[in-house]
Amino acid sequence: MGSQEQTTLATQNQLFYGTFVYPKTLTDLKYLHNTAVAVDQNGTIVAIERDYDLSQAAITLFPCLGWAPDSVSIHSSLASHNQFFFPGFIDTHLHAPQYPNVGIFGKSTLLDWLETYTFPLEASLSDPAKARTVYNRVIRKTLSHGTTCAAYYATKDVTTTNLLADLCLRAGQRALVGRVCMDQLSPKYYRDASAADSVAATRESITYIQSIDPTGAIVRPVITPRFAPSCSAPLMAELGKLAAETGLPVQTHISENEGEIALVKEMFPAKKIGAKGDTYTHVYDTFGLLTDKTILAHGVHLSEEEVQIIKARGSKVSHCPCSNSALTSGAARVRWLLERGIEVGLGTDMSGGYSPSVLEMARQAALVSRHVAMGCAPAEKENKGEKESKAGTEGKTNKDGNSEKESKANKANKDGIDRERAKLTVEEVLYLATKGGAELVGMKGKVGGFEVGMEWDAQLIGLGRDVVDEEYEGEEKEEEGNVDVFGWESWPNKVAKWLFNGDDRNTRKVWVKGRLVHERK
Ligand code: GUN
Ligand code: FE
């Protein structure tokens, strides 16, 4: 689609009709059928009529809205093709310049991956022509997978960071765009010359991004200290002040990998920086970087104490299951975070993660939560280690008169039942992909669902026609995607099949703020 022309197209009043699926709460996925959703020229949902007869719209609905019937464009989901409207996905953490490297990580882990693959590629994207090619592609690719809003890291280069914001605005993808701050750790060729330079370049990029979209409806700047090891204490302190001064969001990485955590401990001992404690979280907190608009990517190895600080500051966590598995960072405990009141969204973290799809992240979040249930989370392993070292007392009798062997079995059983709670359901991971993500990017109540007053950031999902007779299906059926619906499935089961086997072939159309930004021909 020619996105240049798209920006000049005024959005008209629109009526969407058919089946709508959206998360109401973490556990409650709503299904509305024969429903009409009216979206005005600004892309705002102005009316929702359930169990509605579409033929009545011109008589009953449009006059109420003051709409001339022939000015309204009507879009229906096709029941025959198992279509439904779903909120757009929100990718709460990804690196646009790393997109050419998706799938290229070998057996590396975070710190050597950064050195080997990531810094050289990011540095090369200061070339505007190369950046334009890569950034246009990552925007088109993520839109085609239904990502209507993305929290992007760019690079340390101001010109091409600003270009990323230009391209998002033109394509109509909502974005937080961050110029990456880093005045230490990385090689000289890809490092800010000083903390002052880093802050000045950040201010320059903020000013530009705010100038191209003054209301911030589509693109907004985000303060982006890469991660603690690549920022000096003075730089983090200045960025914390900048966040307080501007009220802008902050994004960074936290507690992703054990080597990284050890490095942070070594580089920023509490005594040296005047922190109240000796954890990764204390470092950011000391410099004012934990606000209620802070997105913390990963959080795999956070402790109870750290989560309490994050909760108190209102900061949020972007769960990046694909990246955490690919770089063997660990299994993040999402249930544990949610139970502590932390708001969680999903991040592809390309190219730590290899997939551009938030649907794939939802699927992997479901699987990783099952690994946590099997005892694979770092904290779980520590507990297990403790338990095992206390074992070796088999055959003895404990004070309750039970054999040690028996009480060990009971304990293992109880631990297993406790861990069962870790499993995330279809409804929960789809919440994280949409409404949960909206909380992270500062769009709570605006996107991530279908309610009057919210904006129309949506996808039309099509699972294809029911499988009738394999002999007559042929290649056309394959074009419809990877999900096979037979016609007897309930709606929750159709959605589960989409989660686990769907892909971009099912993403038929995508809208942001009422504007069509992707269509699969
Ligand atoms: N920590 C610092 N930089 C990066 C990055 O680019 N990706 C990931 N996953 N972690 C980081
Ligand atoms: Fe990342």
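- Going by what an unreviewed UniProt entry lists, the protein is known as guanine deaminase and is assigned to Neurospora hispaniola.
- Quoted straight from UniProt, the Cofactor (unreviewed entry) entry for the protein says "Zn(2+)".
- What the UniProt record of the protein gives under Pathway (unreviewed entry) is the line "Purine metabolism; guanine degradation; xanthine from guanine: step 1/1."

1. Overview of the pairing of strand β18 (residues 515–519)
Reasoning step 1: Where strand β17 (residues 507–512) meets β18, four bridges bridge the pair, whose relative direction is antiparallel. From the neighbouring strand, Val510 faces β18, where its bridge partner is His518.
Reasoning step 2: Hairpin geometry of β17 and β18 is characterised by an intervening segment of two residues between the two adjacent antiparallel strands and by a positive phi of about 50° at Lys513.

2. Quick notes on the sheet that holds strand β10 (residues 219–221)
Reasoning step 1: The strand order β6-β7-β8-β10 describes an open sheet built from four strands, whose pairing is parallel. On the outer flanks of this sheet lie β6 (89–95) and β10, each paired with one strand and no other. Here the strands of the sheet are splayed against their neighbours by 15° on average, with no regard to which way each runs.
Reasoning step 2: Bridge analysis of β6 against strand β7 (residues 147–153) gives five bridges, and the strand direction is parallel. Paired with His95 across the strands is Tyr153, a residue of β7.
Reasoning step 3: Packed on one face of the sheet, helix α6 (residues 195–212) meets β8 (174–178) and β10 and runs near 160° to β10.

3. What to know about unusual backbone geometry
Reasoning step 1: Residues Met350 and Ser351 are joined by a peptide bond in cis, for which omega reads 0°.
Reasoning step 2: Position of Ser351 relative to the elements: it lies in the loop between β15 (344–346) and α14 (358–373).
Reasoning step 3: You will see that Leu185, though not glycine, has its phi angle at about 75°, which is positive.
Reasoning step 4: You can see Leu185 is positioned in the loop between β9 (180–181) and α6.
Reasoning step 5: Residue Leu185 is classed as partly exposed on the basis of its relative accessible area of 34%.
Reasoning step 6: Of note in this structure, Ser255 is not a glycine but carries a positive phi near 45°.
Reasoning step 7: Inspection of the secondary structure assignment puts Ser255 in the loop between β12 (250–254) and α8 (258–267).
Reasoning step 8: Classification of Ser255 as buried rests on a relative accessible area of 2%.

4. Points about the UniProt feature "domain: Amidohydrolase-related" (unreviewed entry) in the protein
Reasoning step 1: Mapped onto the present numbering, the UniProt feature "domain: Amidohydrolase-related" (unreviewed entry) falls on residues 86–374 and 414–517.
Reasoning step 2: Structurally, residues 86–374 comprises 47% helix and 16% strand, and the distance from its first C-alpha atom to its last is 32 Å.

5. Observations regarding a negative patch on the surface
Reasoning step 1: A cluster of acidic side chains, namely Glu475, Glu478, Glu479 and Asp484, defines a negative patch on the protein surface.
Reasoning step 2: Position of Asp484 relative to the elements: it lies in the loop between α18 (470–479) and α19 (491–501).

Thresholds, definitions, all that
- In every chain, residue numbers begin from 1 and rise along the written sequence.
- Lettering of chains starts at A and numbering of ligands starts at 1, both following the order in which they are written.
- Only residues with pLDDT of at least 70 get local features here, since the model is predicted, and only at 80 or more are side-chain atom pairs given and counted; chain-wide, interface and lining totals rely on the full set of residues.
- By convention in this description, side-chain values take in all heavy atoms of the structure and omit both hydrogens and water.
- UniProt positions are given in the numbering used here, feature names are shortened, and annotations may be inferred rather than shown by experiment.
- DSSP-based pairing: two strands are paired if at least 2 bridges between them are found.
- Put simply, DSSP marks the helices as runs of H or I at least four residues long and the strands as runs of E at least two long, and each gets a number from the N terminus on.
- Axis lines are fitted to C-alpha atoms, over the contacting stretch for helices. Their N-to-C directions set the angle, which ranges from 0 to 180 degrees.
- Note on contacts: a residue pair is in contact if any heavy atoms of the two residues lie within 4.5 Å.
- A 1.4 Å probe rolled over the protein chains alone gives each residue an accessible area, and that area as a share of the maximum for its type sets the label: buried under 20%, exposed over 50%, partly exposed in between.
- Patch membership needs two things, relative accessible area over 30% and no salt bridge, and members are linked within 9 Å if like-charged or within 5 Å if nonpolar (Val, Leu, Ile, Met, Phe, Trp, Tyr).
- Note that accessible areas follow from Shrake-Rupley with a 1.4 Å probe, and for residues the cover is restricted to the protein chains shown.
- Between Lys or Arg on one side and Asp or Glu on the other, a salt bridge is scored when a side-chain nitrogen of the former is within 4 Å of a carboxyl oxygen of the latter.
- The sign given to each residue is positive for Lys and Arg and negative for Asp and Glu; His and the chain ends receive no count.
- Lysine's charge is taken at NZ, arginine's at CZ, aspartate's at CG and glutamate's at CD.

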